Amino acid sequence: MFKRSNRGFTLIELLVVIAIIGILSAVVLASLNTARSKGNDAAIQSDLTGIRTQAAIYYADHNNYGPTEVAVVSDCTTGGSNVFSDATIQNQIAGALKANNNGDIVCNVSADGKAFAASAVLSSVSTSYFCVDSTGMGTTTTTALGTNTSC
């Protein structure tokens, strides 16, 4: 019937295969970006939960979270002597900043040093924040922390 030569693939066959590979790679890349954002969100939540744990240790050692020098510190570095100046907490803040591409992170300490809260914007949804505070709360919210010391 039809005789096929042994000279290789036709141009149409090659174009069809290239188109299929292109479509599949686009789907995979879209999935990878979603997975990367969710991974960054998990890192942010882990770092902030670590802050809450280390803050409990800080409170046990100092009997407070320290005096507040300012109400809101956008990058959570105070240069002062409160819970957010602790070296371990600074490392966790740095990790959260890296995970959310230096997005918004807010840390507050009450004037009497008895309460704190920390909040960071999540990577996957820029209108969602993960917040931890001195009451043991760790939650995702749609509102920024502002100057509050509780989530």
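Let me begin by describing the structure that accompanies this report. For clarity, every value in this text was computed on a predicted model and none was experimentally measured. What you see as residue numbers is a count from 1 along each chain, following the sequence as written. Given that the model is predicted, a residue must reach a pLDDT of at least 70 before its local features are reported, and side-chain atom pairs must reach 80 or more before they are shown or counted; all residues, however, enter totals for whole chains, interfaces and linings. Only hydrogens and water are set aside when side-chain values are computed; all heavy atoms of the structure are taken into account.

1. Focus on the environment of Thr142
Put simply, DSSP H or I for four residues or longer makes a helix, DSSP E for two residues or longer makes a strand, and each gets a number counted from the N terminus. Within the secondary structure, Thr142 sits in the segment after strand 4 (138-141). Between the C-alpha atoms of Thr142 and Thr127, which are 15 residues apart in sequence, the distance is 5.8 Å. Those residues in contact with Thr142, other than ones at most four positions away along the chain, are Thr127 and Tyr129. Any pair of residues with heavy atoms lying within 4.5 Å of one another is described as a contacting pair.

2. Looking at the packing of aromatic side chains
How two aromatic rings sit relative to each other is set out by the distance from centre to centre and by the angle between their planes. Here a pair means two rings of Phe, Tyr or Trp (six-membered ring of Trp) with centres within 6.5 Å. Their orientation is stacked below 30 degrees between planes, edge-to-face above 60, and tilted elsewhere. Using the criterion set out here, one finds 3 aromatic pairs in the structure. Ring centres 4.7 Å apart and planes at 40° place the aromatic pair Tyr59 and Tyr65 in the tilted group. For Tyr59, a relative accessible area of 26% corresponds to the partly exposed category. Under the scheme applied here, a residue whose accessible area is under 20% of the maximum for its type counts as buried, over 50% as exposed, and between as partly exposed, the area being computed with a 1.4 Å probe on protein chains only. Its relative accessible area of 7% is what places Tyr65 among the buried residues. Following the ring pairs from residue to residue traces out a cluster consisting of Tyr59, Tyr65, Phe84 and Phe116.

3. Brief notes about a nonpolar patch on the surface
Each patch groups residues whose relative accessible area exceeds 30% and which form no salt bridge, using 9 Å between like charges and 5 Å between nonpolar side chains of Val, Leu, Ile, Met, Phe, Trp and Tyr. Here the open area of atoms and residues is found with the Shrake-Rupley method and a 1.4 Å probe, where only the protein chains shown may cover a residue. Any Lys or Arg side-chain nitrogen found within 4 Å of a carboxyl oxygen on Asp or Glu counts as a salt bridge. Together, Leu11, Ile12, Leu15, Val16, Ile20 and Leu24 line one region of the surface with nonpolar side chains, adding up to about 610 Å² of accessible area. Looking at the secondary structure, you find Ile20 in helix 1 (residues 11-62). Taking the relative accessible area as the measure of exposure, Ile20 reaches 45% and is therefore partly exposed.

4. Re unusual backbone geometry
Phi at Asn63 takes a positive value of approximately 65°, unusual for a residue other than glycine. Within the secondary structure layout, Asn63 lies in the loop between helix 1 and helix 2 (87-99). Residue class for Asn63 comes out exposed when judged on its relative accessible area of 52%.

5. Quick look at helix 2
To estimate the expected span of a helix, subtract one from its residue number and multiply by 1.5 Å. Its 13 residues give helix 2 an end-to-end C-alpha distance of 19 Å, which sits within 8% of 18 Å, the value for a rise of 1.5 Å per residue. What helix 2 keeps buried is the set Ile89, Gln92, Ile93, Ala96, Leu97 and Ala99. Down the axis of helix 2, the buried side of the element spans an arc of 165°, and every buried residue falls inside it. Of the exposed residues in helix 2, those oriented more than 90 degrees away from the buried face are Ala87, Asn91 and Lys98. Note: the arc covers the axis-to-C-beta directions of the helix.

6. Regarding helix 1
For helix 1, built from 52 residues, the straight-helix expectation of 76 Å at 1.5 Å per residue is met to within 8% by its first-to-last C-alpha distance of 75 Å. Listed as buried for helix 1 are Asp41, Ile44, Asp47, Leu48, Gly50, Ile51, Gln54, Ala55 and Tyr58. On its buried face, helix 1 sits against helix 2, strand 2 (116-121) and strand 3 (129-133). With its phi angle positive at about 65°, Asn63 sits one or two positions after the end of helix 1.

7. A word on the side chain of Gln92
Looking at the secondary structure, you find Gln92 in helix 2. Polar contact is the term for a pair of N or O atoms within 3.5 Å; when the atoms are in protein, one must be able to donate a hydrogen and the other to accept it, and sequence-neighboring residues count only if both atoms are side-chain atoms. Within the structure, Gln92 has its side chain in polar contact with the backbone nitrogen of Ile51 (distance 3.3 Å). Residue contacts for Gln92: discarding those within four places in its chain leaves Asp47, Gly50, Ile51 and Gln54.

8. Points about the packing of helix 1 against helix 2
The convention used is that axes are lines fitted to C-alpha atoms, helices contributing only their stretch in contact, and that angles between N-to-C directions extend from 0 to 180 degrees. Look at helix 1 against helix 2: their axes get within 8 Å of each other, and the N-to-C directions meet at 165°. Relative to helix 2, the element helix 1 is oriented roughly antiparallel. Crossing of helix 1 over helix 2 shows left-handed handedness. Facing Asn40, Ala43, Ile44, Asp47, Gly50, Ile51, Gln54 and Ala55 of helix 1, the residues of helix 2 in contact are Thr88, Ile89, Gln92, Ile93, Gly95, Ala96 and Ala99. Relative orientations are named as follows: roughly parallel for angles under 35 degrees, roughly antiparallel for angles over 145 degrees, roughly perpendicular for angles from 65 to 115 degrees, and oblique for any other angle. Note on convention: the crossing is left-handed when the near helix lies turned anticlockwise from the far helix by less than a right angle, right-handed when the turn is clockwise.

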